[in-house]
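What the coordinates show
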Amino acid sequence: MTVGARGAAPRQRRDARRNRELLLEAAHEVFTEQGLDAPLDVIARRAGVGNATLYRHFPARGDLVDAVFRDSLTGTMEAGERARSATDAWAGLTGYLDAVFAALAADRGSNDLMTTRLRGVDSLEAVHEHNRATVDALLVRCRDEGTVRADVTTEDVLFGLAALGRAVPALTAATAPDAWRRPLALFLAGLRAAPTAPPLPAPALTAAELAGVLGELGPHRTRPGDLDSGA
């Protein structure tokens, strides 16, 4: 092996790391602006690399999404842990949902992640399970404390949050960054226990039905020329 050949390998590794960093930066910008179904070739162009380079680093859309949002997903789980440890369950629930909606309003990508079901993002599945467990645990405590309706289910809450959350980007774009606080407050008011409240119509969504609904809400369009045919 020549000296030049030996020196080429470290440079290639540096170039690969730099390309990966450029792709992650570009992907975060594009996902924030356009959501998770943004064309991958747009991300490659903004990063200044070719489609083949993007595909080499991230063979599927889910790989790229996971790399871009893994840290923010971890932050959501940490917020859930803090909420579960709250002395007052209702304060824990409202504080947690406030934190979730702040994330939903921050960018389109985070909104897509938290309000839909996307295939191939392992860390996202963990967050959805943690989110469900957090809401479920807090609702149990709230019922015991008499602060929420006895007939409200975890699926009721998760469906309401997803449906309301999907409207947050349009709401904040048309009004103000914190405009989501009013509809969230109205939603939470509907969960509160009230002696005169009529019973909710039956039946509630099952976990499987909720997953199906979230899948239909999500970004699942396949665009011509997109690198990931499974998007």
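Residues numbered from 1 in each chain as written. Predicted model: local features only at pLDDT ≥ 70, side-chain atom pairs only at ≥ 80, totals over all residues. Heavy atoms only, no water.

**Here's the deal with the overall build of the protein chain**
Stated precisely, the cut-off is as follows: Only DSSP runs of H or I with at least four residues qualify as helices, and only runs of E with at least two residues qualify as strands; both kinds are numbered from the N terminus onward. Throughout, exposure labels follow a simple rule: accessible area from a 1.4 Å probe, protein chains only, divided by the maximum for the residue type, with under 20% read as buried, over 50% as exposed, and the rest as partly exposed. Here, two residues are considered to be in contact whenever any of their heavy atoms come within 4.5 Å of each other.
Helix and strand counts for the protein chain come out as 11 helices and zero strands. Mapped in sequence order, the helices and strands of the protein chain form the string α-α-α-α-α-α-α-α-α-α-α. Buried residues in the protein chain amount to 39% of all 231 residues. A fraction of 72% describes how many contacts in the protein chain between residues 6 or more apart in sequence connect residues 24 or more apart.

**Considerations on helix α4 (residues 61–84)**
Here is the rule we go by: Take the number of residues in a helix, subtract one, and multiply by 1.5 Å to get its expected span. The angle between axes fitted to the seven-residue stretch ending at a residue and the seven-residue stretch beginning at it gives the bend at that residue.
The end-to-end C-alpha distance of α4 is 33 Å, a good match for the 34 Å that 24 residues give at a rise of 1.5 Å each. Of all the bends in α4, the greatest, near 60°, is centred on phenylalanine 69.

**Digging into the packing of aromatic side chains**
Filter applied, for reference: Each Phe, Tyr or Trp ring (for Trp, its six-membered ring) is paired with any other whose centre lies within 6.5 Å, and the angle between the two planes then decides the class: stacked below 30 degrees, edge-to-face above 60, tilted in between. Whether a charge lies above a ring is judged from NZ of Lys or CZ of Arg, which has to be within 6 Å of the ring centre and within 35 degrees of the ring normal.
For the structure shown, the criterion picks out two aromatic pairs. Between phenylalanine 101 and tryptophan 180, the aromatic rings sit 6.1 Å apart at their centres with planes inclined by 35°, giving tilted as the arrangement. With a gap of 79 residues between them, phenylalanine 101 in helix α5 (residues 89–106) and tryptophan 180 in the loop between α9 (168–174) and α10 (181–191) connect regions that are remote in the sequence. In this pair, the class of phenylalanine 101 matches that of tryptophan 180, namely buried. Arginine 192 extends its terminal NZ or CZ atom over the ring of tryptophan 90, reaching a point 4.3 Å from the ring centre.

**A closer look at the packing of helix α8 (residues 154–166) against α10**
Geometry of a packed helix pair, given as the angle between the helix axes and the separation of the axes. Worth spelling out the cut-off: With axes taken as lines fitted to C-alpha atoms, and helix axes fitted only over the stretch in contact, angles between N-to-C directions fall between 0 and 180 degrees. Every angle not falling under 35 degrees, over 145, or within 65 to 115 is termed oblique; those three ranges are roughly parallel, roughly antiparallel and roughly perpendicular. Left-handed describes a crossing whose near helix is turned anticlockwise from the far helix through less than a right angle; right-handed describes the clockwise counterpart. Note on residue classes: Ala, Val, Leu, Ile, Met, Phe, Trp, Tyr, Cys and Pro are nonpolar, Asp, Glu, Lys and Arg are charged, and everything else, Gly too, is polar.
Relative to each other, α8 and α10 sit at 165°, their axes nearing to 11 Å. Classed by the angle they form, the pair α8 and α10 counts as roughly antiparallel. When you trace α8 past α10, the crossing you get is right-handed. Every residue of α10 that contacts α8 at Val157, Gly160, Leu161 and Leu164 is listed here: Pro183, Leu184, Phe187 and Leu191. Among the residues forming the contact of α8 with α10, the class breakdown is seven nonpolar, one polar and no charged.

**Some words on unusual backbone geometry**
Note that the residue after alanine 202, namely proline 203, is joined by a cis bond; omega there is -5°. Residue placement: proline 203 occurs in the loop between α10 and α11 (207–217).

**Things to note about the nonpolar core**
How we decide: We define a nonpolar core as any set of buried Ala, Val, Leu, Ile, Met, Phe, Trp, Tyr and Cys residues linked to one another through side-chain atoms lying within 4.5 Å.
Counting residues in each nonpolar core, the largest one holds 55 residues, and the members touching the most others are Phe31, Ile43, Leu64, Phe69, Leu113, Val157 and Leu184. With residues up to four places along the chain from it excluded, the contact list for leucine 184 reads Leu97, Asp98, Phe101, Leu161 and Leu164.

**Quick look at the environment of glutamate 25**
With respect to the element layout, glutamate 25 can be found in helix α1 (residues 3–34). Here glutamate 25 falls in the partly exposed class, since its relative accessible area comes to 45%. C-alpha of glutamate 25 to C-alpha of isoleucine 43: the two residues are 18 residues apart in sequence and 9.1 Å apart in space.

**Concerning the pattern of salt bridges**
Our working definition: When a carboxyl oxygen of Asp or Glu is within 4 Å of a side-chain nitrogen of Lys or Arg, the pair counts as a salt bridge.
Tallied over the entire structure, the rule returns 10 salt bridges. The partner of arginine 181 in a salt bridge is aspartate 98, and the shortest N-O contact between them spans 2.7 Å. One end of the pair, arginine 181, is in helix α10; the other, aspartate 98, is in helix α5, with 83 residues separating them in the sequence. Using a relative accessible area of 40% as the deciding quantity, one classes arginine 181 as partly exposed. Salt-bridge contacts for aspartate 112 lead to arginine 166; the nearest nitrogen and oxygen are separated by 2.6 Å. Note that aspartate 112 is positioned in helix α6 (residues 108–115) and arginine 166 in helix α8, a separation of 54 residues in sequence.

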